[in-house]
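Fold and contact review
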Amino acid sequence: MMPRNKLRVAILGAGLIAPNHAAGFQEVPEQAKVVAVCDINRENAENLAALFDAKIYSDYRELIADPQVDLVDVLLPHHLHYAAAMAVIQAKKHLLLEKPVAVTYKQSLEIYEAAQKAGIHFGVAENTRYIRAYVEAEKMIRAGKLGEITLARTFLPANERIRLSSADFWGKKSGCGGGTLIDSGPHTFYLLKWLFGEVRELAAFTSQIYKVDSEVEDNADVRGRLANGADFLCSFTFTAEIPHSERLEVYGTTGSLIIDQLANPPVKFYAEPTDFDGTPVEGPEYDPLGWHYFSIVEEVKDFVRTVIEDKPPTVDPLDCCYAVKVIEKAYESARNGNKLVQI
């Protein structure tokens, strides 16, 4: 018999990110156990289920209907989030949902509001909040060490040439929610909302470098102004021939902060224009292979604690919905000749 306060978890989607989520559940064996896995790819489902001796499903509706499931972790392609999330909520199961919440702001809000009405715990798997470099950055910003923030710059490089070249990759189709803005943008615009507040206005530029029969943008730049008066510039690419990484630059009136997961050390504070060496910030360690993995593990563990302890999630789902709103506005700007749009 499983303890009544031990969550029975189902993982819906056994693709690329699923092993990281599975590792998170494995690290809290006293609080959660994966009891079911669902994927249309039987081999993927079997491989993941074998870690837990879990049941295997190919139909997500049967998985959600399983009375032995308390929490569903939805790791599906973007365009499938809405239907699956609403089905989980209707069944009154707790829901952990990969970013983006949905492919539109309207759908994102509907998921949030339905979860509130159903009285279930709803969390978005946004690992940004659990990246140690950003946690330390928040402390310094809140303490006023950088003074008044004047400019924030982000860069999320990745290489998706092989996947975009694959005929069966859903992420190359605009109707499936593919593209670097909707894929990487949720992390950046959540980060901006968390650290600095809302976006006031923006203009966006998109392009496609890889000519591989893809419908989506593989490069994008979004620039604009935050509600606090600071400027921002966010760049995204699927065409970088370097390891997956993230970079954040924060410039203020009394100092600046540079975070680069490929740099050693990854976080440095610069006090003035002649501070060429900078000061390493204690806490975040150089870990170019592990920072992303461990932040996902922590996000999963934290959501389990949220449900067990019946408390609000660390990552506010509304902030993740807001990120989708900003992305919609960015696509609107890009479609209309890079026009400046208000948020």
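Structure first, text after, so check above.
Source: prediction; values computed, not measured.

1. Concerning the overall build of the chain
A tally of regular secondary structure across the chain gives 10 helices and 15 strands. On C-alpha atoms alone, the chain measures out to a radius of gyration of 20 Å, which is about the 20 Å that the 2.2 N^0.38 rule sets for 343 residues. With respect to the three principal axes, the spread of C-alpha positions in the chain is 65 × 45 × 40 Å. Residues classed as buried in the chain amount to 53% of the 343 residues present.

2. Focus on the packing of helix α1 (residues 18-26) against helix α9 (residues 291-308)
Running from amino to carboxyl end, α1 crosses α9 at an angle of 50 degrees, the nearest separation of the two axes being 8 Å. With respect to their mutual orientation, α1 and α9 come out oblique. Read as a crossing pair, α1 and α9 show a hand that is right-handed. Facing Asn-20, His-21, Ala-23, Gly-24 and Phe-25 of α1, the residues of α9 in contact are Tyr-293, Ile-296, Val-297, Glu-299, Val-300, Lys-301 and Val-304.

3. Description of the packing of aromatic side chains
A full pass over the atoms with the stated rule returns 4 aromatic pairs. Arranged with centres 6.0 Å apart and planes meeting at 50 degrees, the rings of Phe-189 and Phe-236 form a pair that is tilted. Taken together, the residues Phe-189 in helix α8 (residues 180-196) and Phe-236 in strand β10 (residues 231-237) connect sequence positions 47 residues apart. It is Lys-193 that lies over the ring of Tyr-322; its NZ or CZ is 5.8 Å from the centre.

4. Topic: the pattern of salt bridges
Evaluated as defined, the whole model comprises 19 salt bridges. A salt bridge links Glu-136 to Lys-139, with the nearest nitrogen and oxygen atoms 3.2 Å apart. You can see Glu-136 and its partner Lys-139 sitting in helix α6 (residues 132-142), 3 residues apart, about one turn around the helix. Across the pair Glu-249 and Arg-247 runs a salt bridge, and its minimum N-O distance is 2.8 Å. A residue is classified by how much of its surface remains accessible, and Glu-249, at 9% relative accessible area, is buried. By sharing partners, the salt bridges in this structure join Arg-153, Arg-247, Glu-249 and Asp-260 into a single network.

5. Quick word on the sheet that holds strand β11 (residues 247-252)
Each strand in a sheet pairs with its neighbour through backbone hydrogen bonds, running either in the same direction (parallel) or in the opposite one (antiparallel). The strand order across the open sheet formed by 9 strands is β14-β13-β12-β11-β7-β10-β9-β8-β15, and the pairing between neighbours is mixed. Single-partner strands in this sheet number two, and they are β14 (279-280) and β15 (341-342). In this structure, β11 lies alongside strand β12 (residues 256-260), joined through 5 bridges in antiparallel fashion. For Leu-248, the partnering residue across the bridge sits in β12 and is Ile-259. This element, α6, spans β11, β12 and β13 (267-270) of the sheet and lies at about 175 degrees to β12.

6. Points about the nonpolar core
By size, the foremost hydrophobic cluster in this structure holds 76 residues, and its most contacted members are Leu-95, Phe-122, Phe-189 and Leu-257. Core analysis: the second largest hydrophobic core is formed by 24 residues, Ala-18, Ala-45, Val-300 and Phe-303 among them.

7. Some words on α6
For an α-helix, the turn length of 3.6 residues means that residues three or four places apart are oriented alike. Regarding α6, the residues found buried are Ala-133, Tyr-134, Glu-136, Ala-137, Glu-138, Met-140 and Ile-141. Residues of α6 that are buried make contact with α8, β11, β12 and β13. Two residues or fewer past α6, Gly-144 is found with a positive phi of approximately 80 degrees.

8. Overview of helix α10 (residues 317-335)
For α10, with 19 residues, the first-to-last C-alpha span of 27 Å sits near the 27 Å given by 1.5 Å per residue. Turning to α10, its buried residues are Pro-317, Asp-319, Cys-320, Cys-321, Tyr-322, Ala-323, Val-324, Val-326, Ile-327, Ala-330, Tyr-331 and Ser-333. Check the buried side of α10 and you find it contacts α5 (105-118), β6 (122-125), α8, β8 (199-207), β9 (219-226) and β15. For α10, the side-chain oxygen to backbone nitrogen distance between the N-cap and Leu-318 is 2.9 Å, and the N-cap itself is Asp-316. Two residues or fewer after α10 comes Gly-337, characterised by a positive phi angle close to 70 degrees.

9. Notes on the state of the cysteines
In the structure shown here, the tally under the stated rule is 0 disulfides. Lacking any disulfide linkage, Cys-176 is separated from the closest cysteine sulfur, that of Cys-38, by 18 Å. By relative accessible area, which is 14% here, Cys-176 ends up buried. Note on Cys-321: no disulfide assigned, nearest cysteine sulfur contributed by Cys-320 at a separation of 7.1 Å.

10. Considering the packing of helix α4 (residues 81-90) against α5
It is at 10 Å that the axes of α4 and α5 come closest, and there the two elements cross at 5 degrees. Between α4 and α5, the crossing angle belongs to the class labelled roughly parallel. Contacts between α4 and α5 pair His-81, Tyr-82, Ala-85, Met-86 and Ile-89 from the former with Gln-107, Glu-110, Ile-111, Ala-114, Ala-115 and Ala-118 from the latter. Tallied by class, the residues present in the contact of α4 with α5 amount to 8 nonpolar, 2 polar and 1 charged.

The rules behind the values
- Residues numbered from 1 in each chain as written.
- Predicted model: local features only at pLDDT ≥ 70, side-chain atom pairs only at ≥ 80, totals over all residues.
- Heavy atoms only, no water.
- Helix = DSSP H or I, 4+ residues; strand = E, 2+ residues; numbered from the N terminus.
- Rg over C-alpha atoms; globule rule 2.2 N^0.38 Å.
- Buried < 20%, exposed > 50% of the residue type's maximum accessible area, 1.4 Å probe, protein only.
- Axes fitted to C-alpha atoms, helices over the stretch in contact; angles between N-to-C directions.
- Parallel < 35°, antiparallel > 145°, perpendicular 65-115°, else oblique.
- Left-handed = near helix turned anticlockwise from the far one by under 90°.
- Contact = heavy atoms within 4.5 Å.
- Phe/Tyr/Trp six-rings, centres within 6.5 Å; stacked < 30°, edge-to-face > 60°.
- Lys NZ or Arg CZ within 6 Å of the ring centre and 35° of its normal.
- Salt bridge = Lys/Arg side-chain N within 4 Å of Asp/Glu carboxyl O.
- Pairing = 2+ DSSP bridges.
- Core = buried A, V, L, I, M, F, W, Y, C linked by side-chain atoms within 4.5 Å.
- Expected span 1.5 Å × (residues − 1).
- Polar contact = N/O pair within 3.5 Å; in protein donor to acceptor, adjacent residues only side chain to side chain.
- Disulfide = S-S within 2.5 Å.
- Nonpolar A, V, L, I, M, F, W, Y, C, P; charged D, E, K, R; others polar.

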